Amino acid sequence: MDLTQGNLNTLYTGLQEKLNTGLAQADTSYLKWCSETTSATKIEEYPVMMLTGSMREWVGDRVINNVNAKQMTIINRDFEHTEQIDRNAIEDDKYGVYGVVFQEMGIQAGNLWMELANEALCTPGKWADGNDFYGSREFGKATIDNSMGAAELTLENYAAARARMMGFLGADGKALRLVPDTLMIGPELEGKARTILEAELIHDGNGTVSNIHKGECEVVLNLGLTGEYAKYWFLMDTKHAVKPFVVQKRKVGPLVRQDREECECVFNDNRNLYGLHYRGASAAVMPHLVIGSFPAAS
């Protein structure tokens with residue numbers, strides 16, 4: 001292929017198509033348990049939203065629920081991925097393999113949002129009230145604790161976490177009526193989770209009995225829960241207008257090219273560069289909609 005700008009434009013279009021194919025293959029399962037927002041600036045501030053309770057009888061003045069009492073600040077971060085193509089390979093028509101490279105580039109770029117979601121899930125740090133996101137806190141008249149500590153995933157611990165979430169109260173001291181619908185685990189715990197929630201029969205220590213927990217929650221396999229997070233498990237209520245976590249997108253691409261003769265990489269190194277620049281962030285925002293447990297990896 002002659003290195004004319006027209007031919008390089010055609011090559012770029014083909015690489016963009018492969019990139020888009022990869023983007024379509026990315027893991028978007030985070031959308032079940034994360035709210036996705038579009039950011040317009042470097043730093044976004046959100047009012048801390050809580051489930052503020054049920055309707056009340058109107059006697060006297062209205063009771064105002066102040067969702068702006070605390071603010072959460074989420075700062076966008078920068079991410080890049082850059083690939084190079086030797087111009088001799090283009091000239092010698094040996095660039096076909098790069099289609100696979102750029103398809104994989106698209107997959108990894110799309111997976112960034114799942115990776116950020118998992119950061120918020122596993123290492124959320126402090127919440128807006130200055131306390132650890134996973135732990136005990138007060139909401140008006142109520143106290144909730146959304147951490148099971150280092151409890152292993154067992155039928156008994158799952159049932160205890162479910163009962164705890166269903167007992168959470170709102171700031172007015174009334175039941176929030178939460179019903180967990182998602183048990184999230186990594187590959188190591190998939191068998192245990194499916195036994196707890198999908199088996200017809202279980203052993204209760206005295207014999208085989210019907211599994212009363214069958215179908216209570218969907219088992220969600222999170223491929224990011226490996227390594228040090230392999231034994232972590234999370235119980236969530238994902239049915240509300242807001243989710244336990246948020247993924248914030250500031251910039252997505254596009255594929256930027258440096259393939260002209262005057263580009264430094266071409267002049268000095270005889271190579272074209274193609275790069276992506278993404279910006280975004282994630283955060284844990286709704287502690288009463290998730291309970292986590294954090295056993296150490298084996």
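I will try to describe carefully the structure that is included in this document. (Residues numbered from 1 in each chain as written. Predicted model: local features only at pLDDT ≥ 70, side-chain atom pairs only at ≥ 80, totals over all residues. Heavy atoms only, no water.)

Our next topic: the pattern of salt bridges. The tally for this structure, following the rule as stated, stands at 17 salt bridges. Two residues, Glu218 and Lys32, come together in a salt bridge whose shortest N-O distance is 3.3 Å. Within this pair, whereas Glu218 is found in strand S10 (residues 218–221), its partner Lys32 is found in the loop between helix H1 (5–24) and strand S1 (34–38), the two being separated by 186 residues in sequence. The exposure class assigned to Glu218 is partly exposed, which follows from its relative accessible area of 43%. Through salt bridges with shared partners, a single network forms among Lys32, Asp181 and Glu218. (Salt bridge = Lys/Arg side-chain N within 4 Å of Asp/Glu carboxyl O. Helix = DSSP H or I, 4+ residues; strand = E, 2+ residues; numbered from the N terminus. Buried < 20%, exposed > 50% of the residue type's maximum accessible area, 1.4 Å probe, protein only.)

What follows concerns the environment of Asp269. Within the fold, Asp269 resides in helix H6 (residues 264–269). The exposure class of Asp269 is partly exposed, given its relative accessible area of 44%.

Another aspect to go through is the side chain of Glu44. Relative to the helices and strands, Glu44 resides in strand S2 (residues 43–47). Within the buried core, Glu44 has no salt-bridge partner, and the shortest N-O distance to an opposite charge, that of Arg250, equals 6.1 Å. Here the side chain of Glu44 touches Ala40 through a polar contact of 2.8 Å, landing on its backbone nitrogen. (Lys, Arg positive; Asp, Glu negative; His and termini not counted. Polar contact = N/O pair within 3.5 Å; in protein donor to acceptor, adjacent residues only side chain to side chain.)

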